[in-house]
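Okay, here's what each chain looks like letter by letter:
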Amino acid sequence: GAKDIADALKVNTSLTSLDLYNNEIGDEGAKDIADVLKANPMSALISLSGAGEADEFVKNRNRQRFLDTLNGNEKAEFARLRVMFVGQGRAGKSATVRSMLGKPFSPEWDSTVGADVSESVVNGSSWGDETDQIDFASALAVKMMNRHKEMKSSSPKRIEKSPVVAPLPSSSKTEMNNTETTKGDQLQNKGHQLSNFVDKDQNKKDLKRNSPVKNDRPKKNLQEDIVREYDEELILEAHERKNDLALSLWDFGDQEVFYTMHHIFLTKTGIYVLVFDMRELLELVTREEAKKYLRFWLRSINMHAPQAPLLLVGTFCAALQDEIRGVDKILRELSKQFTSQIVANDNLVFFPIDNREKLNIQELRKAIEFTARNDRAMKQEVSIRWMAFLDELLSHKKSKSYLTMNGDVSHIASKFGLSRQEQEMALGLFHERGLIIHLTATETLRNIVIIKPQWIIDALGKVIRDSSIHVDISEYERDGLLDDAQLLFEEGIASRDLLGYLWNYDQTEFFIDLMKRTMLMSDYQQDGFLIPSLLKENKDMGAVDTRCVVDFSTTFLPHGVFQRLVCLCVEYVSRKTSFDDSIRMNKNYAHFIAFADQEVELVEDPSQQAILVSSSDVEKVIPIISSMLLKINGNVMGGRLKWKVLIDGNVFQPEKAVEIESPTLDLDVFLASL
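Residues numbered from 1 in each chain as written. Predicted model: local features only at pLDDT ≥ 70, side-chain atom pairs only at ≥ 80, totals over all residues. Heavy atoms only, no water.

A few words now on the overall build of the chain. Check the secondary structure of the chain and you find 25 helices and 25 strands. The burial tally for the chain puts 57% of its 674 residues in the buried class. Long-range pairs, those at least 24 residues apart, make up 76% of the contacts in the chain with a sequence separation of at least 6. Just so you have it, the chain exposes about 29,600 Å², and 46% of that area is on carbon and sulfur atoms. (Helix = DSSP H or I, 4+ residues; strand = E, 2+ residues; numbered from the N terminus. Buried < 20%, exposed > 50% of the residue type's maximum accessible area, 1.4 Å probe, protein only. Contact = heavy atoms within 4.5 Å. Areas by Shrake-Rupley, 256 points an atom, 1.4 Å probe, with all protein chains shown as cover.)

In structure tokens form, the structure reads like this:
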């Protein structure tokens, strides 16, 4: 048998894998195979065991090819994508994610707080719930080995020993995008505030946009680099999983209170799955409300990710088989503006499923997998150095939740010869694919790399939550914080004591600073904080002056924009005057006694997709409001919000707002510039 295999190997030109493990090949057969392999160095990944000379030869050859690949400059596709599940409350998003992962249906499953992140490895009908840490560098190296019939090393020198050495530094010719020039930082450093993590020298650097990335790091001896153990079993496993697709599944909380938070985590690439309850769309009494949520999410997805594929998924289809065409008709009318993004289901515009009965679950899995494998973001190729950098970052998850750019990350990157600009490009990719969270709106946020996404989501979700569903007030009463909790969940005002309690007195200052810089929170009164997304709605405000209108109707006014505007206004006013009774607010209304020496009212009007501004001198107030909207747009909305200011029906262009480069300024510098 072994001699026949050896004869076949003499003429084979297409073999990619041969597993002869545990076949009890004798010495003579092993010699025949070894002789052929020495004379015909094919690229197949071969596994032998107990086959003497051939076994040893194959192991040495596999090892050498793997080492050569790790030290080379070649790139390969990074088969990983983020899938984001969004939709109206109680529509069945979490149940759909569980169905995707092959988990049983649970009617008692709690509503999602903030977002839940799951990892899955997909190959055909199998969607595994991945919990083990993946060796990304080894997996990419095997993909490269499989790509060629003969692997020719591009490294300047071959490695003749078994440890795997991290790739040598090499100059990068990639151009850097989205580099910010830091204008300064006036924060007082204390505790674990984000401001502690700012590189003060970075403010003096002149990082020009679109300049070539230069890497002037001296090349090091291999002995100075990170050494890994060569593991034949790991390589063979990676080879067997070479067609696997890794998906990061993000299940976003569906209550409206979370929408302000979602803007931080929605990305421009990935796949969006918009889940809705078919029953809500069919019932006349609930239809308009269901359509409102669908319109909101269609617009939000299109604003954040206009090129990303979108799947519409209708739940509870088991009892509605005769109504599917009716649902399809409603959806076609709703989504006709977004047809270029929507993934069709044969002759339907949506995917009807039933999580309890497991109807059409496999069809939805196939559609998501097919869409992911054909998404153009998946075609982006990365180097081994980037993957080794990623492996090292994620290796710290057991002991840390975040790393700092100016400390941990720069040190890790130096091992792989990555310049600061190339680090940020790699981190941007890892953020888009759901492996880390790296916010780059300001230099302070840019300096934090969160390697446990669920950690930051859970922390924010402890504060921003729906009190009617997710809050047990008796818990706070037992711990003597009843008044503080009622103030937070009824009036949106948080005490420092309560925030410390919610965050287990761990990294409290860090989270406060993060929420302020993402405009989810502002200082309020003495040692208190305002969280506008928790304010209650007031539907009886009486007549409001409509002389000045900030009109978003050409796109739309997303949830969270008005709340962030209120945050900035409160911060601005707090620096000019004492609080006392100078500010009155609810969810869709804010009244300031002394805003730029004016009495100002702001009203959110969702029916008009507008913000109304009332003041005795709107020409003085509007440049400040417009500058704040520019910052919100640049920092949170990806620059895709569109609006115009109308005063007495005429378009007004505030010149001062255009002059302020708000998106590039840190919060304190920005407010001081107004």
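Looking now at the sheet that holds strand β16 (residues 493–495). Within the open sheet, the three strands sit side by side as β16-β18-β17. Their pairing is antiparallel. The open sheet has two edge strands with one neighbour each: β16 and β17 (522–524). Pairs of neighbouring strands in the sheet enclose a mean axial angle of 40 degrees, with direction left out of account. In this sheet, strand β18 (residues 528–530) lies alongside β16 in antiparallel orientation, the contact comprising three bridges. Residue pairing in the sheet places S495 in a bridge with G528 of β18. (Pairing = 2+ DSSP bridges. Axes fitted to C-alpha atoms, helices over the stretch in contact; angles between N-to-C directions.)

This part is about the pattern of salt bridges. Tallying each qualifying case throughout the model produces 19 salt bridges. For D277, the salt bridge identified is with R279, shortest N-O distance 2.9 Å. Relative accessible area serves as the criterion here: at 40%, R279 is assigned to the partly exposed category. One salt bridge connects D523 with K516, and the closest N-O pair in it is separated by 2.9 Å. (Salt bridge = Lys/Arg side-chain N within 4 Å of Asp/Glu carboxyl O.)

What follows concerns unusual backbone geometry. Within the chain, N360 stands out as a residue other than glycine whose phi angle is a positive 65 degrees. Exposure remark for N360: the relative accessible area of 32% places this residue in the partly exposed category. Phi at D597 is positive, roughly 65 degrees, even though this residue is not glycine. With respect to the helices and strands, D597 occurs in the loop between β21 (589–595) and β22 (598–605). Given a relative accessible area of 70%, D597 falls into the exposed group.

With that settled, consider the packing of helix α22 (residues 561–574) against helix α23 (residues 618–635). Packing of α22 against α23 brings their axes to within 10 Å, and their N-to-C directions diverge by 125 degrees. Considering the angle they form, α22 stands oblique to α23. Viewed along their axes, α22 and α23 form a crossing whose handedness is right-handed. For the pair formed by α22 and α23, the contact residues are V561, R564, L565, L568, C569 and Y572 on the first element and I624, I625, M628, L629 and I632 on the second. Residues that form the contact of α22 with α23 fall into these classes: 10 nonpolar, no polar and one charged. (Parallel < 35°, antiparallel > 145°, perpendicular 65-115°, else oblique. Left-handed = near helix turned anticlockwise from the far one by under 90°. Nonpolar A, V, L, I, M, F, W, Y, C, P; charged D, E, K, R; others polar.)

So, about the packing of aromatic side chains. Within the structure shown, the criterion is met by 20 aromatic pairs. Three or more aromatic residues link up through ring pairs in this structure, and these residues are Y402, W455, W503, F510 and F511. Across from the ring centre of W250, 4.1 Å away, lies the NZ or CZ of R82, which sits over that ring. (Phe/Tyr/Trp six-rings, centres within 6.5 Å; stacked < 30°, edge-to-face > 60°. Lys NZ or Arg CZ within 6 Å of the ring centre and 35° of its normal.)

Turning our eyes to something else, we now look at the confidence of the model for the chain. On average, residues of the chain score 78 in pLDDT, and 70% of them are at 70 or above. When the criterion is pLDDT under 50, residues 149–193 qualifies, and its contacts beyond four places in sequence or with other chains add up to 146 contacts. Note that pLDDT drops below 50 for residues 195–230; the model gives that stretch 105 contacts with residues more than four away or on any other chain. (pLDDT = per-residue confidence, 0-100.)

Next up on the list: the state of the cysteines. All chains considered together, the criterion is met by zero disulfides. With no disulfide partner, C569 has as its closest neighbouring cysteine sulfur the one in C567, 9.6 Å distant. We classify C569 as buried; its relative accessible area is 0%. (Disulfide = S-S within 2.5 Å.)

Here we take up helix α4 (residues 93–100). Burial analysis of α4 places eight of its eight residues in the buried class, which makes it a mostly covered element. Among all positions of α4, only K93, S94, A95, T96, V97, R98, S99 and M100 are buried. Tucked into the core, α4 has its buried residues touching β4 (80–87), β6 (126–129), β9 (245–252), β10 (271–277), β11 (310–315) and α11 (361–373). Following α4 by one or two positions, G102 has its phi on the positive side, about 75 degrees.

The next thing to look at is the layout of surface pockets. In this model, the second largest pocket occupies a volume close to 910 Å³. Within the residue set of the lining of the second largest pocket, elements represented by two or more residues are α7 (259–262), α9 (284–304), α17 (467–470) and β22. The class makeup of the residues in the lining of the second largest pocket is 11 nonpolar, 11 polar and 12 charged. (1 Å grid on protein atoms, 1.4 Å probe; cavity = no way out; pocket = protein on both sides within 12 Å on 5 of 7 lines; lining within 4 Å. Points joined across faces, edges and corners; volume = space filled by probe spheres on them.)

Okay, the side chain of T371 next. Along the polypeptide, T371 turns up in helix α11. At a separation of 2.6 Å, a polar atom in the side chain of T371 contacts the main-chain carbonyl oxygen of A367. Those residues in contact with T371 that sit more than four places away from it in its chain are I271, P309, L311 and V343. (Polar contact = N/O pair within 3.5 Å; in protein donor to acceptor, adjacent residues only side chain to side chain.)

Once that is clear, we can look at the sheet that holds β21. As summarised here, the arrangement of the seven strands in space is β20-β21-β22-β23-β19-β24-β25, forming an open sheet in which the pairing is antiparallel. Two strands bound the open sheet, and with one partner strand each, they are β20 (583–586) and β25 (650–652). On average, adjacent strands in this sheet sit at an angle of 25 degrees to one another, irrespective of strand direction. Inspection of the sheet shows β22 paired to strand β23 (residues 610–615) by six bridges, in the antiparallel sense. Residue pairing for β23: D605 is matched across the bridge by A610. Contacts from α23 reach β19 (548–551), β21, β22, β23, β24 (644–647) and β25 within the one sheet, and its direction differs from that of β23 by about 145 degrees.

The next point concerns empty space enclosed by the protein. If a probe as big as a water molecule is rolled over the atoms, it shows which places are left empty. Counted under the stated rule, the structure contains five cavities of 30 Å³ or more. Approximately 60 Å³ is the volume attributed to the largest cavity. Surrounding the largest cavity, G87, Q88, L274, V275, F276, D277, E280, L281, A290, Y293, L294 and W297 form its lining. Elements represented by at least two residues in the lining of the largest cavity include exactly β10, α8 (278–282) and α9. Within the lining of the largest cavity, the residues separate by chemical class into eight nonpolar, two polar and two charged.

Looking now at the nonpolar core. Judged by nonpolar contacts, the single largest core of 123 residues is most densely connected at F265, I456, F595, L602 and M628. Per-element tally for this core: the top contributor is α22, with nine residues. Once residues lying within four places of it in the same chain are set aside, the contact partners of I456 are F265, I437, I450, F510, F511 and L514. With 31 residues, the next largest nonpolar core counts F78, F389, L403 and I436 among its residues. (Core = buried A, V, L, I, M, F, W, Y, C linked by side-chain atoms within 4.5 Å.)

Counting buried positions over the eight residues of β4 gives eight, a clear majority of the element. What you see with β4 is no split at all: R80, R82, M84 and V86 on one side and L81, V83, F85 and G87 on the other are buried throughout. As paired strands, β4 and β9 are joined by six bridges and run parallel to one another. Opposite M84, over in β9, you have W250 as the bridge partner.

Two numbers describe how helix α13 (residues 405–415) lies on helix α14 (residues 420–432): the axes approach to 11 Å, and their chain directions differ by 95 degrees. Our classification of the angle between α13 and α14 gives roughly perpendicular. Contacts from M405, N406, V409, S410 and A413 in α13 reach R420, Q423, E424 and L427 in α14. Each residue belonging to the contact of α13 with α14 can be placed in one class, and the counts come to four nonpolar, three polar and two charged.

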